[in-house]
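Topology and contacts: notes
Spelled out, the chains give:
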Amino acid sequence: MSEVRYEPVIGLEIHVQLRTRTKMFCSCPLSFGEPPNTHTCPVCLGLPGTLPVANAEAIHYGLMIGLAVGSELAPRSIFHRKNYFYPDLPKGYQISQYDEPLCSGGRLADVRIHRVHLEEDAAKLTHVGASGRIHGSDASVVDFNRGGTPLAEIVTEPDVRSAEQASEWLRLLRTTLRQLGVSDVNMEEGSLRCDANISIRPVGTTELGTKTELKNMNSFRFIERGIRAEVARQEALLRAGGTVTQETLHFDPRTEAITSLRSKEEAHDYRYFPEPDLPPVLITNEMLDRARTAMPELPAAREARFASVLGLNVESARLLSWRAELGDYFEAALDAGAAMQPPVEAQPLANWISELSARYDGDDPADSNVTPQALATLVQLVGSKKLTQGGAKQVLDRLVAEGGDPAAIVASEGLSAVGGADELAPVVRAALEANPDVAEKLRGGDMKPIGVIVGYVMKATRGRADGGEVTAIVRAELGL
Amino acid sequence: MLERSEVLHVARLARLRLDDDEVDRMAGELSSILDHIAAIAALDLDDVPPTSHVVEVESALRADEPGPCLDRDVALAQAPAVQDGGFLVPSPQAG
Amino acid sequence: MDVNEIIELSAAAAIAAIERGDLDAAELFSAYRLRAEADELNAFTWVAEHLPADMHADGPLRGVPLAVKDLFCTAGIPSQSGSKILEGYLPPYTATSVARLQDAGAAVLGKTNQDEFAMGSSNENSAYGPVLNPWDRGRVPGGSSGGSAAAVAAGLAPWALGTDTGGSIRQPAALCGIVGLKPTYGTVSRYGMIAFASSLDQAGPLTRDVTDAALLYRHMVGTDPNDATAVGHREEIRLPTAERLDGLRLGVPTELTTGEGLEPGVMAAFEATLATARGLGATIEECSLHSAPHALSAYYVIAPAEASSNLARFDGVRYGLRAPADDLVSLYTNTRHDGFGAEVKRRILIGTYALSSGYYDAYYGRAQKVRTLIAREFASVFERCDFVVTPTSPGVAFELGAKTADPLAMYLNDSFTVPMSLAGIPAISIPCGLSDGLPVGLQLAGPAFSENRMLDAAHALEQAIGFDGSPARTPTGAAS
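Keep in mind that what you see is a predicted model, and the values were worked out from it rather than measured. (Residues numbered from 1 in each chain as written. Chains lettered and ligands numbered in written order. Predicted model: local features only at pLDDT ≥ 70, side-chain atom pairs only at ≥ 80, totals over all residues. Heavy atoms only, no water.)

**With respect to the pattern of salt bridges**
Residue and element names in this part refer to chain A. Across all of its chains, the model carries 62 salt bridges over all chains by this definition. Of the charged contacts in the structure, one is a salt bridge between Asp397 and Arg359, with a shortest N-O distance of 2.7 Å. With a gap of 38 residues between them, Asp397 in helix H10 (residues 389-402) and Arg359 in helix H8 (residues 346-359) connect regions that are remote in the sequence. Since its relative accessible area comes to 39%, Asp397 is described here as partly exposed. A cluster of three or more residues bridged by salt bridges with shared partners is formed by Arg174, Arg178, Glu297, Arg302, Arg305, Glu325, Asp328 and Glu331. (Salt bridge = Lys/Arg side-chain N within 4 Å of Asp/Glu carboxyl O. Helix = DSSP H or I, 4+ residues; strand = E, 2+ residues; numbered from the N terminus. Buried < 20%, exposed > 50% of the residue type's maximum accessible area, 1.4 Å probe, protein only.)

**Some details on the sheet that holds strand S16 (residues 273-274) of chain A**
The strand order across the open sheet built from three strands is S5-S4-S16 (chain A), with neighbouring strands paired in antiparallel fashion. Unpaired on one side and paired on the other, strand S5 (93-96) and S16 of chain A mark the two borders of the sheet. Relative to S5 of chain A, strand S4 (residues 80-83) of chain A is paired through four bridges, and the arrangement is antiparallel. For His80 of chain A, the partnering residue across the bridge sits in S5 of chain A and is Ser96 of chain A. Along the sheet, helix H9 (residues 292-310) of chain C contacts S4, S5 and S16 of chain A; its crossing angle with S4 of chain A, the most-contacted strand, is approximately 60 degrees. (Pairing = 2+ DSSP bridges. Contact = heavy atoms within 4.5 Å. Axes fitted to C-alpha atoms, helices over the stretch in contact; angles between N-to-C directions.)

**Some thoughts on the interface of chain B and chain C**
On the chain C side, the residues contacting the 50 residues of chain B number 58 residues. Overall, the association of chain B and chain C removes approximately 4,800 Å² of surface from exposure, summing both partners, and the carbon and sulfur fraction of that is 70%. Contact with chain C buries area across many residues of chain B, yet Arg17, Ile40 and Gln78 of chain B alone supply 13% of it, more than any other trio. The tally of links from chain B across to chain C stands at two salt bridges. Remark: the boundary between chain B and chain C carries 19 residue pairs in polar contact (both at pLDDT 80 or more). Every element with two or more residues in the side of chain B that touches chain C is listed here: helix H1 (4-13), helix H2 (20-37) and strand S2 (86-90) of chain B. Counting residues per element, the side of chain B that touches chain C draws most heavily on H2 of chain B, at 10 residues. (Buried area = accessible area lost by both parts, 1.4 Å probe. Polar contact = N/O pair within 3.5 Å; in protein donor to acceptor, adjacent residues only side chain to side chain.)

**Observations concerning the packing of helix H1 (residues 56-68) of chain A against helix H4 (residues 285-293) of chain A**
The packing of two helices is summarised by the inter-axis angle and the distance between the axes. Residues and elements named next belong to chain A. In the contact formed by H1 and H4, the axes pass within 9 Å of each other and the chain directions differ by 60 degrees. When the axes of H1 and H4 are compared, the crossing they make is right-handed. Of H4, the residues touching H1 (which contributes Glu57, Ile59, His60, Leu63, Met64 and Leu67) are Met287, Arg290, Ala291 and Arg292. Taken together, the residues of the contact of H1 with H4 sort by class into six nonpolar, one polar and three charged. (Left-handed = near helix turned anticlockwise from the far one by under 90°. Nonpolar A, V, L, I, M, F, W, Y, C, P; charged D, E, K, R; others polar.)

**Things to note about helix H4 (residues 96-103) of chain C**
Residues and elements named next belong to chain C. Here H4 has its buried residues at Thr96, Ser97, Val98 and Leu101. For H4, the secondary structure elements touched by its buried residues are strand S2 (65-69), strand S3 (107-112), strand S4 (159-164), helix H7 (210-218) and strand S7 (223-224). Of the residues flanking the end of H4, it is Gly105, one or two places downstream, whose phi is positive at about 115 degrees.

**Structural notes on the sheet that holds S2 of chain B**
Ordered by their spatial adjacency, four strands build an open sheet running S9(A)-S10(A)-S2(B)-S1(B), and the pairing between neighbours is antiparallel. Unpaired on one side and paired on the other, strand S9 (124-130) of chain A together with strand S1 (82-83) of chain B mark the two borders of the sheet. As paired strands, S1 of chain B and S2 of chain B are joined by two bridges and run antiparallel to one another. From the neighbouring strand, Gln83 of chain B faces S2 of chain B, where its bridge partner is Gly86 of chain B.

**A few points about the interface of chain C and chain A**
Contact residues are listed per partner, giving 39 residues for chain C and 34 residues for chain A. Taken together, both faces of the contact between chain C and chain A bury some 2,800 Å²; the carbon and sulfur share is 60%. On inspection of chain C and its partner chain A, the count reaches one salt bridge. Between Arg190 of chain C and Asp277 of chain A there is a salt bridge whose closest N-O contact spans 2.9 Å. At the junction of chain C with chain A, the criterion picks out 16 residue pairs in polar contact (both at pLDDT 80 or more). Counting residues per element, the ones that place at least two in the side of chain C that touches chain A are strand S8 (227-231), H9, helix H10 (328-339) and helix H11 (342-355) of chain C. If you tally residues by element for the side of chain C that touches chain A, the top one is H9 of chain C, at four residues. Residue composition of the side of chain C that touches chain A, by class: 20 nonpolar, 10 polar and nine charged.

**With respect to the side chain of Ser168 of chain C**
Mapped onto the elements of the fold, Ser168 of chain C is located in the loop between S4 and helix H6 (170-176). If we ignore the near neighbours within four places in the chain, the residues touching Ser168 of chain C are Lys69, Ala118, Gly120, Gly143, Ser144, Ser145 and Thr163 of chain C.

**What to know about the environment of Tyr299 of chain C**
Residues and elements named next belong to chain C. Among the structural elements, Tyr299 can be located in helix H9. Sequence separation between Tyr299 and Arg313 is 14 residues, and the spatial gap between their C-alpha atoms is 22 Å. Among residues more than four places away in sequence, those in contact with Tyr299 are Thr165, Gly166, Phe196, Leu200, Pro304, Val418 and Leu422.

**Quick word on the nonpolar core**
Counting 202 residues, the largest nonpolar core has Phe44 and Phe117 of chain C as its most contacted members. It is H9 of chain C that contributes the most residues to this core, 11 residues altogether. Once you skip the residues sitting within four places of it in the chain, Phe44 of chain C turns out to touch Ala36, Asp39, Ala67, Leu109, Gly110, Lys111, Thr112, Asn113, Ala151, Leu156 and Ala157 of chain C. With 69 residues, the next largest nonpolar core counts Phe79, Ile95, Leu180 and Phe251 of chain A among its residues. (Core = buried A, V, L, I, M, F, W, Y, C linked by side-chain atoms within 4.5 Å.)

**Description of the pairing of strand S10 (residues 138-143) of chain A**
In terms of burial, S10 of chain A is largely enclosed, as five of its six residues are buried. Bridging between S9 of chain A and S10 of chain A involves six bridges; their strand directions are antiparallel. Within S10 of chain A, the position partnered with Thr126 of chain A by the bridge is Val141 of chain A. Pairing of S10 of chain A with S2 of chain B, which is carried by four bridges, proceeds in the antiparallel orientation. Bridge pairing in S2 of chain B links Ala139 of chain A to Pro90 of chain B.

**Topic: empty space enclosed by the protein**
Following the criterion strictly, the structure yields seven cavities of 30 Å³ or more and no others. Each pocket or cavity is described by its volume, and for the largest cavity that value is around 170 Å³. Looking at the lining of the largest cavity, the element that brings in the most residues is S5 of chain A, giving three residues. Computed from the structure, the second largest cavity encloses a volume of approximately 90 Å³. In terms of lining, the second largest cavity is formed by 13 residues, of which the most central are Gly49 and Thr50 of chain A together with Ile194, Ala195 and Arg313 of chain C. (1 Å grid on protein atoms, 1.4 Å probe; cavity = no way out; pocket = protein on both sides within 12 Å on 5 of 7 lines; lining within 4 Å. Points joined across faces, edges and corners; volume = space filled by probe spheres on them.)

So, in structure tokens, the structure goes:
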């Protein structure tokens, strides 16, 4: 009996805090860690008699997001009330959008967008444990500073087929939003939040399985691991003859455990109805023009430019355009390298940025100890053969650890390339003398053990020789 | 006639506790009101668009300019319970 | 002037007297303040202890005292909307409409009693006790602006602010023999009005005569950056001068001048007034508002639905009553159980039901369509008629307790006023006669923004009718 193969079917729901100056429906300035309840007003506190008025700039940012993902922009959009009770929701309803969102459809790379809409963020609830003031129960404290912050909610179609694709696509989305300048998109600070809707189905079928919702993952790595864990869980469940229950789940990155967030709570009945306090938003030609004019170079365009103008290979063009920080760093290093003699070339620089990215933990190499200038210098040293690949890697390790100037490190560590027949030929001869059996075989035409000689020379020169050059000198010495 | 269970379900959605006698009374009163309202079910409204906004306004948007915030003391002044500069409530229960 | 002369002055006359130097603003305020304090009708929930310190006495309203319905937020002054859940609530801000009037020179005399959260037509739903009709203290003044109407009718305030959602200014004005204007929806800011039904609530004047109504309305009208639905008025509001109705076409809708609840005495006064109108040169013709019989049903879906959402913020978290509770859900349910009266609970339940899953299309969705029909039918009638004219209320003031057992019976009081509210058009009630010694009101309704012409027509009628409201005003010093 052949085993059924399953494929994951994943849709993503992303909440983006917009970096307007004021909240979505009142003029309170946005708060960044100020003392609790110091950025509030009667409106965002939900005091009796208050009314919302929509932030024009938030609409503008929403339109830009829609343009960036190729959505259809509604000529007329309305807000709805989403009614439920929770202490972080002062009015007892959230003003959001329901069936007439700002943007519908669209696509970013290989994932289709279902919709983009605007809404207000909830306040912050902090658990404080037992309180003498609250009898019989643990207590929480509500801070309304965050309440009312403008959010754009981006919902994809269930086009994502793997955990890796999810995290890679989210990085692209983050880069896109960062390029647009509409958000700080910082997952740790909460300005970018992502939930995943996950189901699986037998490969080749088109019907959707029951989906679960995975929430509260605050890094790309956790999202990838969480999705992978949940897909595995569902698969194991189905293979054991069970069924997937629709529920909301939480992924613990430390234990890789998946637990249910809301087990027996009844499904919310949000009783959506059009927000009577806000007239329909008419999207004028003026607003559309302003949004179009404000569009920066988006990842797709940058990717094309890197490939066609700078001649980067497909892989590098994509990596550097899908991750804005790498792309920005690349362009800064390229600028620095343009002034050198000879100028630093794009593809080698791109390759070395990959090397840097592999060594540095953070998302943005600009935060590391390696300046774009330093990296450009490193690439230039390799390009002018003053440093071997191996030697350069050692220098890069030192740069990542301590920063500094590559030329200085080369000098102080004595890492400069060893090259040329004068320097290498004696070492090659010493290698042949030390390995007479190998030398015999080589002279006999059997090239297989040549690596032993090359390895000996590399070790003797502490990696400062170029492997290709050494091989050529060995042949020359042997008269081959 | 509305069932007790329906009244209790709606009361739950509205976070409204009803005493036993209130539930029965409400069931009766709500039923008679709903019967009266039911008349609109008989109307032919297929081609009629709903009015959600009586006023069609253009540019009811606000410029992104900061305005004054309330002093925290004022924001908390009417609060039934306060702690650490915030509004104190019993914690939401999980599940 | 002695007190009893002072209280016979309309607001406009008092302003003129102040401008002539015959009357002092402080004296005027004091006269009314003493009467308000001695109020036996329970019309006031709060009376000023002295003349406001920051009064703009040189503004056009010259310091004339104004009674303000409890649901208008007045900074530092209790604003309870007739409810226990807001007992003692002191807002940190003042409603725009009140602030505008204060800037124009009005002085807040007191807050008036009302049906809880403006839900009612008899003022028997107040948590602070019923209000008595000054014409007969065993009877209701109407509602929900019962306190404002009784205060003006009894000469405890020269004029007052009320709100009208389904008739709550017009109906108490009719039952108390005074003038009440519900303006075009959106001409007066709702910011600071503790909300009942957002798409229907409008603030308006309750006054002794039509000139005072025009004067007060003139200083309330305008856009407001805090209210996205406030469009202001297209014309400057003039004080009326018309004495005749030549060329005016008045429409009498069949559906709103028949019905079993319509008292013969009311009909008689109404028809006598139609004859008066003809005498002033108006033509009267029958017209039809086919959907009017369904207006009440649509209203009793829409208003409670919006109210159920607007009242969700009363949860014991940030202000108002908090009942004892061991957990969060009980905090909500106990607070709302203890804090809301029976009528409010009924409407919250109806509204929640109408919006709940599976019922939206059948109730709220359909009611919004009925609303469209009614608006269209009015528009169609106004192509042939300048104004529609009806009795304001099917009956005169009824006895306290007469209708409290059957909510539906109470709702029928709004039959003739609700259609105008649903269409958002302006309507005014003026006293047109007596039936068994109790006042009867006549309602004029016109197209949106027709207030100037409507006030002129009402003024002409008022002059011809010559209604004497003095029986309701007990002189100071006389036995009551």
